[in-house]
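Single-letter residue listing:
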Amino acid sequence: MAKRVLTTESGAPVADNQNSATAGVGGPILLQDQHLLEKLARFNRERIPERVVHARGSGAYGYFEVTDDVTGFTRADFLSEVGKRTETFIRFSTVADSLGGADAVRDPRGFALKFYTDEGNYDLVGNNTPVFFIKDPIKFPDFIHSQKRDPFTGKQEPDNVWDFWAHAPEATHQITWLMGDRGIPASYRHMNGYGSHTYQWTNAAGEAFFVKYHFKTNQGVRSLSADQASELVGKDANSHQTDLLQAIERGVNPSWTLHVQVMPAADAADYRFNPFDLTKVWPHSDYPLQRVGRLVLDRNPDNVFAEVEQAAFSPNNFVPGIGPSPDKMLQGRLFAYADAHRYRLGVNHTHLPVNAPRTAVVDNYGRDGVHATRNGSRHDKNYEPNSYAGPAQTDGALAAPLAIHGWTGTHEAPAHTKDDDFFQAGELFRLMSEDEKGRLVANIAGGLSQVTRDDVIEKNLAHFHAADADYGKRVEEAVRALRED
């Protein structure tokens, strides 16, 4: 079998890949050594800017199969018939740490799913928790800054973490999730996934519904204690990546069952709390889970950089029958996610294989820019409307219109009868066993007791007292005991 010929980027054969060109034996290197300069220049540019959040991640390909009829709620083609399968790509991630961080840490996990549908890519961007810390995107940069490395000390500081939470009472519910037993998943396979946001489904008759997505792991939920996680990080900082990769390579294909909660659009205005508030869940007693289908992961990426690091998920990638809701955090992410990818990967990141549609045909007037691969020919115009049979609009909306009224301005969310920041955190606490409560309190106190300002501690304690009297009492006593040691 003939050997393949090593070439430069321009295709010229490389004569020597072991020795640089020099001015005589032992002399200085020559600037004319094009192969050396090209290798070094490319090496210097191998890394792209990492994500500000969700930097550390793992991914896999698979498929989604419809198991139940949901055509009464949505006209999305990939959900149109029982048994229909759609290729998918998923990216799991931690949120706060950098690309070089560890997997087994206490942090929410990203659960971002791309459906390669016949009508275009549909991206569903969620987490392994059904709620989040804040409900307005204007606070997101400040929140992330408080969780990241301090500019002076270069490490995460409890003072910053808890000071922000002291001024964000709506975070109490998510803190209770994060500091509880599910705060450190044993693996990506052993956690649930949630769309978290509220989305809109529209059926063929034009009826609108608001929905929440729940992906229930079929492997069972398994989590790690703080001590178990610390031990695992010391053994394998890439533990979740290792587990996912090896499971799929062995043919042990992870799977999740998708359920949705469905709220008729007319219910939203008078619901007892704001149904578009990302810090709250919809009780299942009000809107029971309805099964939709199953997600199966069955193929590892061949190249982590090309397919995981360059994967771009944008919640504004909808398909007919699915659209946004007035969820303010979702509205902010409709811009922010796509803009992050334009910064990291360029305006033509959708041309990359992992991000490009599989069966849907892309036909628009987007041209030029770095790495453009679809610039058209002499027969294609780059403007619309035109007289040359270029692509034209369908006049068919993807989802139902949302009614709006009132004055423009910076408004707080509309008040509903039970719109407070604490009652769902209290309900979650009261659902826990005594052992679970003990571990939750210990996890919270371990961080809060390190805060140096008494007023910040008191503000946070007030939130836990407001959620549940016993919850607040236990945290207060645990913090006091740790500070007196």
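Overview of the structure. Treat the numbers as computed from the prediction; the structure is a model and nothing was measured. (Residues numbered from 1 in each chain as written. Predicted model: local features only at pLDDT ≥ 70, side-chain atom pairs only at ≥ 80, totals over all residues. Heavy atoms only, no water.)

### Details of the overall build of the chain
Next, step 1: Along the backbone of the chain there are twelve helices and ten strands.
Next, step 2: Relative to the 2.2 N^0.38 estimate, which gives 23 Å for 485 residues, the radius of gyration of the chain is 25 Å and therefore close to what a compact globule would have.
Next, step 3: Seen through its C-alpha atoms, the chain measures out along the principal axes to roughly 80 × 65 × 50 Å.
Next, step 4: A fraction of 73% describes how many contacts in the chain between residues 6 or more apart in sequence connect residues 24 or more apart.
Next, step 5: As displayed, the chain has an accessible area near 24,800 Å², and 53% of this comes from carbon and sulfur atoms. (Helix = DSSP H or I, 4+ residues; strand = E, 2+ residues; numbered from the N terminus. Rg over C-alpha atoms; globule rule 2.2 N^0.38 Å. Contact = heavy atoms within 4.5 Å. Areas by Shrake-Rupley, 256 points an atom, 1.4 Å probe, with all protein chains shown as cover.)

### Structural notes on the packing of helix α10 (residues 434-448) against helix α12 (residues 469-484)
Next, step 1: At a closest axis distance of 9 Å, the pairing of α10 and α12 adopts a crossing angle of 50 degrees. Viewed along their axes, α10 and α12 adopt a mutual orientation that is oblique. Crossing of α10 over α12 shows right-handed handedness. Note on element contacts: α12 touches α10 through Tyr-471, Arg-474, Val-475, Ala-478, Val-479 and Leu-482, opposite Glu-434, Lys-437, Gly-438, Leu-440, Val-441, Ile-444, Ala-445, Gly-446 and Leu-448.
Next, step 2: Along the lines of polarity and charge, the residues of the contact of α10 with α12 split into ten nonpolar, two polar and three charged. (Axes fitted to C-alpha atoms, helices over the stretch in contact; angles between N-to-C directions. Parallel < 35°, antiparallel > 145°, perpendicular 65-115°, else oblique. Left-handed = near helix turned anticlockwise from the far one by under 90°. Nonpolar A, V, L, I, M, F, W, Y, C, P; charged D, E, K, R; others polar.)

### Re the pattern of salt bridges
Next, step 1: Evaluation of the coordinates by the stated rule reveals 29 salt bridges.
Next, step 2: Of the charged contacts in the structure, one is a salt bridge between Glu-65 and Arg-85, with a shortest N-O distance of 3.6 Å. With Glu-65 in strand β1 (residues 57-66) and Arg-85 in strand β2 (residues 85-94), this residue pair connects regions lying 20 residues apart in the sequence.
Next, step 3: Where Asp-454 meets Arg-483, a salt bridge forms, and the shortest distance between an N and an O atom there is 3.0 Å. On the criterion of sequence distance, the pair formed by Asp-454 in helix α11 (residues 454-467) and Arg-483 in helix α12 is long-range, its members being 29 residues apart.
Next, step 4: Among the residues examined, Asp-454 registers a relative accessible area of 48% and is labelled partly exposed.
Next, step 5: A cluster of three or more residues bridged by salt bridges with shared partners is formed by Lys-135, Asp-277, Lys-280 and Asp-421. (Salt bridge = Lys/Arg side-chain N within 4 Å of Asp/Glu carboxyl O. Buried < 20%, exposed > 50% of the residue type's maximum accessible area, 1.4 Å probe, protein only.)

### Here we look at the packing of aromatic side chains
For any pair of aromatic rings, the description rests on two quantities: the centre-to-centre distance and the angle between the ring planes.
Next, step 1: As enumerated under the stated definition, the model contains 31 aromatic pairs in all.
Next, step 2: Centroid distance Phe-111 to Trp-256: 5.8 Å. Interplanar angle 80 degrees. Geometry classified as edge-to-face. Of this pair, Phe-111 sits in strand β3 (residues 109-117) while Trp-256 sits in strand β8 (residues 255-264), placing them 145 residues apart in sequence.
Next, step 3: You can call Phe-111 buried: its relative accessible area is 2%. (Phe/Tyr/Trp six-rings, centres within 6.5 Å; stacked < 30°, edge-to-face > 60°.)

### Brief notes about the packing of helix α2 (residues 140-147) against helix α3 (residues 158-166)
Next, step 1: Running from N to C, α2 and α3 cross one another at 150 degrees; their axes reach a closest spacing of 7 Å. The angle between the axes of α2 and α3 places the two elements in the roughly antiparallel class. Across the interface between the two elements, Asp-142, Phe-143, Ser-146 and Gln-147 from α2 touch Asn-160, Val-161, Phe-164 and Trp-165 from α3.
Next, step 2: Its residues placed into classes, the contact of α2 with α3 shows four nonpolar, three polar and one charged.

### As for helix α8 (residues 328-345)
The periodicity of an α-helix, 3.6 residues per turn, causes residues three or four places apart in sequence to face the same way.
Next, step 1: With 18 residues, α8 ought to run about 26 Å at 1.5 Å a step, and its terminal C-alpha atoms sit 26 Å apart, in line with that.
Next, step 2: Taken together, the buried positions of α8 are Met-329, Leu-330, Arg-333, Leu-334, Tyr-337, Ala-338, His-341, Arg-344 and Leu-345.
Next, step 3: Buried positions along α8 lie against β4 (120-127), α2, β6 (199-202), α7 (304-309) and β10 (322-324).
Next, step 4: Structurally, the start of α8 carries an N-cap: the backbone nitrogen of Met-329 is 3.0 Å from a side-chain oxygen of Asp-327. (Expected span 1.5 Å × (residues − 1). Polar contact = N/O pair within 3.5 Å; in protein donor to acceptor, adjacent residues only side chain to side chain.)

### Here we look at the pairing of β4
Along any regular strand, the residues point their side chains to alternate faces of the sheet.
Next, step 1: With eight of eight residues buried, β4 lies mostly within the body of the structure.
Next, step 2: For β3 and β4, the ladder comprises eight bridges, and the chain directions are antiparallel. The residue bridging Leu-113 from the neighbouring strand is Leu-124, located in β4. (Pairing = 2+ DSSP bridges.)

### A closer look at the environment of His-416
Next, step 1: Following the sequence through the fold, His-416 ends up in the loop between α8 and α9 (423-431).
Next, step 2: In this structure, His-416 is in contact with Ala-268, Ala-269, Tyr-271, Arg-272, Phe-273, Asn-274 and Pro-275, ignoring residues within four places of it in sequence.
Next, step 3: Separated by 3.5 Å, the side chain of His-416 and the backbone oxygen of Phe-273 make a polar contact.

### What about the environment of Pro-137?
Next, step 1: Mapped onto the elements, Pro-137 comes out in the loop between β4 and α2.
Next, step 2: For Pro-137, the contacting residues outside a window of four places in its chain are Lys-328, Met-329 and Gly-332.

### Some remarks on unusual backbone geometry
Next, step 1: The amide bond that connects Glu-384 to the next residue, Pro-385, takes the cis arrangement and shows omega of 5 degrees.
Next, step 2: Mapped onto the secondary structure, Pro-385 falls in the loop between α8 and α9.
Next, step 3: The backbone of Ala-389 shows a phi angle near 60 degrees, a positive value even though the residue is not glycine.
Next, step 4: When you line up the elements, Ala-389 lands in the loop between α8 and α9.

### A word on the nonpolar core
Next, step 1: Of all hydrophobic cores here, the largest spans 40 residues; its most connected members are Phe-133, Trp-162, Trp-165, Leu-448 and Val-475.
Next, step 2: Those elements that place two or more of their residues in this core are α2, α3, α4 (172-178), α9, α10, α11 and α12.
Next, step 3: Residues Ala-60, Tyr-122, Leu-295 and Val-319 belong to the second largest nonpolar core, which totals 37 residues. (Core = buried A, V, L, I, M, F, W, Y, C linked by side-chain atoms within 4.5 Å.)

### Let's talk about the pairing of β2
Next, step 1: Across the ten residues that make up β2, a large majority, eight, are buried.
Next, step 2: Relative to β2, β1 is paired through nine bridges, and the arrangement is antiparallel. The residue bridging Gly-57 from the neighbouring strand is Ser-93, located in β2.
Next, step 3: Bridge analysis of β2 against β3 gives seven bridges, and the strand direction is antiparallel. Counted as the bridge partner of Ile-90 is Leu-113 from β3.

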